[in-house]
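Report on the structure
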2 protein chains.
Amino acid sequence: MLIVKKFGGSSVADKERIFNVASRCVEEYQKGNDVIVVLSAMGDTTDELLEKANDINPNASKRELDMLLTTGEQVSVSLMAMAINSLGIPAISLNAFQVEMHSTSRYGNARFKRIDSERIQHEIDSRKIVIVTGFQGVNKYEDYTTLGRGGSDTSAVAIAAALHADACEIYTDVEGIYTADPRIVPNAKKMKEISYDEMLELASLGAKVLHNRCVEMAKKYGVQLIVRSSLNRAEGTIVREGSRMEKLLVSGVATDKNTARISVIGIEDKPGVAFRIFNVLAKNHINVDIILQSVGRDGTKDISFTVAEDDIQDALKVLEENKDTLTIREIKHREDVAKLSIVGAGMMSNPGVAAQMFEALFTAGVNINMISTSEIRITVLIDERDMDRAMVAVHDGFGLGD
Amino acid sequence: MLIVKKFGGSSVADKERIFNVASRCVEEYQKGNDVIVVLSAMGDTTDELLEKANDINPNASKRELDMLLTTGEQVSVSLMAMAINSLGIPAISLNAFQVEMHSTSRYGNARFKRIDSERIQHEIDSRKIVIVTGFQGVNKYEDYTTLGRGGSDTSAVAIAAALHADACEIYTDVEGIYTADPRIVPNAKKMKEISYDEMLELASLGAKVLHNRCVEMAKKYGVQLIVRSSLNRAEGTIVREGSRMEKLLVSGVATDKNTARISVIGIEDKPGVAFRIFNVLAKNHINVDIILQSVGRDGTKDISFTVAEDDIQDALKVLEENKDTLTIREIKHREDVAKLSIVGAGMMSNPGVAAQMFEALFTAGVNINMISTSEIRITVLIDERDMDRAMVAVHDGFGLGD
């Protein structure tokens, strides 16, 4: 078997942790498996490098920032190779130039285009553990790029795809994917398995274990992901194409308080107005989530929608500037709201699920502001102060706990 | 004009010094010149990285050490690009992969084979200051290599050669090459110019401003070197093919106390014995310097020679192990010796020079143990305690001072 293992920065923050990772890799290797390890920069290295850059030039070009930041992973991988070597096992570290991890040109937020498997394959064939820098690529100008948030996970999946690995293990500080956040819902259960689509919905809804980019790529190339703990040997959660014999209607509950609601009041009730509002927001790179449109009355209507809390100031500014063109009478907003979602592959074919969710919320006295649904998800917008209570209620309502 | 400027680690050790270097480069650029900057790792970075490696694995492979160490220069060059950018001038940093600085395979002590000028030329053509990582290359396996001691100087010369630069300026903490060490000979004079060959002799004799590898490469490709201070604007010393109108017989005096003398006593006085002694030393990578062979007597003879003080234990061990085969009766050694040399292009065509040197030493009461000469150099082995006094005497004897 060929296994790709990805460890984050905190898993290689010091000598002890480096050797912890090294031992796990050696263990896998000694089972007779081929092992590729993808690493992030050690501990706070990336932040420290950014601080150095900021001290020299607060407006440093993204190209030079990437040149600087990529040294972080190169330090991790070379030290890991030394650690594994000292345990008596051959190992070799490779950076994005050596692996030829071709990416788009965009510095600071590149995407992989193509990964040459030749060098890694060659090293694997000579029975070495191969350690590759995560988070970084090389663009068509032969410059380093970095991948932005969740980059190392994506590197691991991209390499697993290119090498046709049997599994891609993402090591984290949690044991896997849970039916709800265990810090809030004490009886939340670790899932044995979850589909890519469910994972995508959960990730985008605030279960921050895996980034969407990584799951999307895993889905696209059929890479089996395993989320597990770097601290213990517990079995993790497998993320793959849905194939469970016994499908749960609802697999998990997720919340996200990084959301805010904007209401634009009294706009003209004629075709194209809503389009123009969302168009002007999109042009300003503001993503809109749940949308609720009132029925027209007196020739006007209201539209409410949610945006990420980080975008709220930009969104309000853009709307204010275009108030007249967009025929907006008034703009209101609330930041003390949160999203609560249930996710499950078998959900939409069973119309009782939404009712069951609403009942659980009603019984707990939680007010629902907005509702949005997808193939495998039902999301409600609620008051932020109700969030934890609502999560417990819905989790219990579907009997997800242990 | 195209100027290559090389700055060492201490010249980029902190923010202030980085900006000092940045300003000098910008100044050159604003004269209308094209500028390539070659940098070492900041301050003690390389030592700190080595320490980290040693903590993980004291027997780390040289391949992984090079992978680790090369991050040091990459940090320097990216920060320098940011600094120059912040002064309003376009700049770009490049590593050994980007420049394609092809080297031999030997990790930790590689040599350049070929440098592709294309990428640098392209960036120069778009009027950027180009900042290149010194000390590192890429070998045929597409792995990083480092060049060993004096590596960054050699990188600068190699780039100057590949790009046909008009000059290669090596910035140091001294103002240039002196007729003798100014700390010992107060009236030592800075030379305006010196030939490659003279510089080579001086470098190998302990005037540690430039490494031989760098001077050899400059000579081979006809790169004009300028040694000057990173701390002030004083004119430095030009190193180029001898072309001075008025040639000084002797251009400088150098000393080297990193030397030790070994005498092997009572070896068989027949052909091949001396050869076998030096052969066994060479096989053990011990370089032998001045050799003095006594006239045979009673069928035996003695051979004395000098080795670097660092090699003395190895040399003694090797000789002891082969004592019988080499027919050695006794091995003696002294470490309290030093070499004193005069160097000058016009020297050997003037037989009076040696006599003049010996007279100066005699007058100063300095005893001469051994003598060795080359085309442009006369070296004597003296007691280490006489070294400074001897240097002053010889320097005065040839009237080299101000």
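Residues numbered from 1 in each chain as written. Chains lettered and ligands numbered in written order. Predicted model: local features only at pLDDT ≥ 70, side-chain atom pairs only at ≥ 80, totals over all residues.

Observations regarding the overall build of chain A
Applied cut-off: Under the scheme used here, helices are H or I runs from DSSP no shorter than 4 residues and strands are E runs no shorter than 2 residues, and both carry numbers assigned from the N terminus. Both definitions apply: the radius of gyration is a C-alpha atom measure, and the globule rule equals 2.2 Å times residues to the power 0.38. Exposed residues have 12 or fewer other C-beta atoms within 10 Å of their own C-beta, buried residues have 20 or more, and partly exposed residues fall in between, where C-beta atoms are placed from the backbone.
Tallying secondary structure elements over chain A gives twelve helices and 18 strands in all. Relative to a compact globule of 402 residues, whose C-alpha radius of gyration would be 21 Å, chain A shows 24 Å and is just as compact. Reported as C-alpha extents along the three principal axes, the dimensions of chain A are approximately 80 × 50 × 30 Å. The buried share of chain A, reckoned over its 402 residues, is 48%.

Structural notes on the sheet that holds strand S9 (residues 167-172) of chain B
Residues and elements named next belong to chain B. What counts is decided by this rule: At least two DSSP bridges between two strands are required for those strands to pair.
An order of S3-S6-S2-S1-S9-S11-S12-S10 is seen for the eight strands of this open sheet, with the pairing classed as mixed. In this open sheet, the two edge strands, each paired with only one partner strand, are strand S3 (91-94) and strand S10 (193-194). Both strand S11 (residues 225-229) and strand S12 (residues 237-239) contribute to a ladder of three bridges, which runs antiparallel. Each residue of the ladder has a partner; that of Val227, found in S12, is Thr237.

Details of the relation of the copies chain B and chain A
What counts here: Residues below a pLDDT of 70 in either copy are left out; the C-alpha atoms of the rest, at least 70 in both, set the least-squares superposition of the copies. Any residue pair is listed as a contact if its two C-beta atoms, each placed from the backbone, are within 7 Å.
Relative to chain A, chain B is turned by 179° and slid 0.0 Å along the rotation axis, the superposed coordinates differing by an RMSD of 0.2 Å. On the angle and the small slide along the axis, the relation comes out as a two-fold axis. No C-alpha of chain B lies nearer the rotation axis than that of Thr71(B), which sits 2.7 Å from it. Looking at the interface residues of chain B, 100% of them are also at the interface in chain A, so both copies use one shared face.

Topic: the sheet that holds strand S3 (residues 91-94) of chain A
Residues and elements named next belong to chain A. The condition that has to hold: Every axis in this analysis is a line fitted to C-alpha atoms, fitted for helices over the stretch in contact. Angles between the N-to-C directions lie between 0 and 180 degrees.
Pairing is mixed across the open sheet formed by eight strands, whose spatial order is S3-S6-S2-S1-S9-S11-S12-S10. Edge positions in the sheet fall to S3 and strand S10 (193-194), since each has one partner strand and no second. Sheet topology note: the strand S9 (residues 167-172)/strand S11 (residues 225-229) ladder contains five bridges and is parallel. By the bridge assignment, Ile170 is partnered in S11 with Val227. Sheet strands touched by helix H1 (residues 15-30): strand S1 (2-7), strand S2 (34-39) and strand S6 (129-133). Its angle to S2, the strand with the most contacts, is close to 160°.

A closer look at the interface of chain B and chain A
What counts, and what does not: Only Asp, Glu, Lys and Arg are considered charged, only Ala, Val, Leu, Ile, Met, Phe, Trp, Tyr, Cys and Pro nonpolar, and every remaining residue, Gly among them, polar.
On the side of chain A, 27 residues touch chain B, which itself brings 27 residues to the contact. Breaking the side of chain B that touches chain A down by element, the ones donating at least two residues are helix H1 (15-30), helix H2 (45-56), helix H3 (62-86) and helix H4 (96-99) of chain B. Among the residues making up the side of chain B that touches chain A, the classes are represented as twelve nonpolar, nine polar and six charged.

With respect to the packing of helix H11 (residues 352-363) of chain A against helix H12 (residues 387-397) of chain A
Residue and element names in this part refer to chain A. Note the following rule: Geometric relationships in this document are graded by angle, where less than 35 degrees denotes roughly parallel, more than 145 denotes roughly antiparallel, 65 to 115 denotes roughly perpendicular, and other angles denote oblique. In this scheme the handedness of a crossing depends on how the near helix is turned from the far one: anticlockwise by less than a right angle means left-handed, clockwise means right-handed.
Relative to each other, H11 and H12 sit at 130°, their axes nearing to 9 Å. In terms of axis orientation, H11 runs oblique to H12. The hand of the H11/H12 crossing is right-handed. Along the contact surface, H11 presents Gln356, Met357, Glu359, Ala360, Leu361 and Thr363, while H12 presents Ala390, Ala393, Val394 and Gly397.

So, helix H7 (residues 196-204) of chain B
With respect to burial, H7(B) is a largely interior element, seven of its nine residues being buried. For H7(B), the set of buried residues is Tyr196(B), Glu198(B), Met199(B), Leu200(B), Glu201(B), Leu202(B) and Ala203(B).

Thoughts on the environment of Ala83(A)
Relative to the elements of secondary structure, Ala83(A) occurs in helix H3 (residues 62-86). Classification of Ala83(A) as buried rests on a count of 26 C-beta atoms within 10 Å. Residues Ala83(A) and Ser230(A), 147 residues apart in the sequence, show an inter-C-alpha distance of 17 Å. Not counting chain neighbours up to four residues away, the residues in contact with Ala83(A) comprise Ile18(A), Phe19(A), Ala22(A), Ile56(B) and Asn57(B).

A short note on the pairing of strand S16 (residues 330-343) of chain A
Consecutive residues of a regular strand have side chains that alternate between opposite faces of the sheet. All names here are of chain A. Examined bridge by bridge, strand S13 (residues 252-268) and S16 share eleven bridges and lie antiparallel to one another. Of the residues in S16, the one forming a bridge with Ile265 is Glu330. Note: S16 against strand S18 (residues 377-383), seven bridges, orientation antiparallel. When the sheet's bridge partners are listed, Ala338 is paired in S18 with Ile382.

Quick notes on the confidence of the model for chain A
Our working rule: Known as pLDDT, the predictor's confidence for each residue is given on a scale from 0 to 100.
Predicted confidence across chain A gives a mean pLDDT of 91, with 97% of residues reaching 70 or more. Our summary of model confidence lists the complex with pTM equal to 0.84 and ipTM equal to 0.82.

Quick word on the nonpolar core
Stated formally: As used throughout, a nonpolar core is a set of buried Ala, Val, Leu, Ile, Met, Phe, Trp, Tyr and Cys residues joined through C-beta atoms within 7 Å of each other.
One finds Met80(A), Ile159(A), Met80(B) and Ile159(B) to be the most contacted residues of the largest nonpolar core, which totals 245 residues. Look past the residues within four positions of Ile159(A) in its chain and what remains in contact with it is Val4(A), Ile36(A), Val38(A), Ile115(A), Ile120(A) and Val132(A).

A few points about the environment of His395(B)
Residues and elements named next belong to chain B. Tracing the backbone through its elements, the reader meets His395 in helix H12 (residues 387-397). Taking C-alpha positions, His395 is 18 Å from Ile371, a pair spaced 24 residues apart along the chain. Among residues more than four places away in sequence, those in contact with His395 are Thr179, Ala180, Val185, Ala188, Val253, Leu400 and Gly401.

Examining the packing of helix H2 (residues 45-56) of chain A against H3(A)
Residue and element names in this part refer to chain A. Interaxial distance between H2 and H3 falls to 9 Å at its minimum, and their mutual angle equals 145°. Between H2 and H3 lies a crossing of right-handed hand. Facing H2, whose interface residues are Thr45, Thr46, Leu49 and Ala53, H3 presents Leu65, Leu68, Leu69 and Gly72.

Notes on the domain arrangement of chain A
Rules: All domain edges in this entry derive from an automatic or database-based domain assignment.
Domain assignment breaks chain A into domain 1 (2-172) and domain 2 (253-397). On a C-alpha basis, the centroid separation for the pair domain 1 of chain A and domain 2 of chain A is 38 Å.

Some words on the environment of Ile378(B)
Residues and elements named next belong to chain B. Residue placement: Ile378 occurs in strand S20 (residues 377-383). Overall, Ile378 belongs to the buried group, with 23 C-beta atoms counted inside 10 Å. Between the alpha carbons of Ile378 and Ile277 there is a distance of 25 Å; along the sequence they are 101 residues apart.

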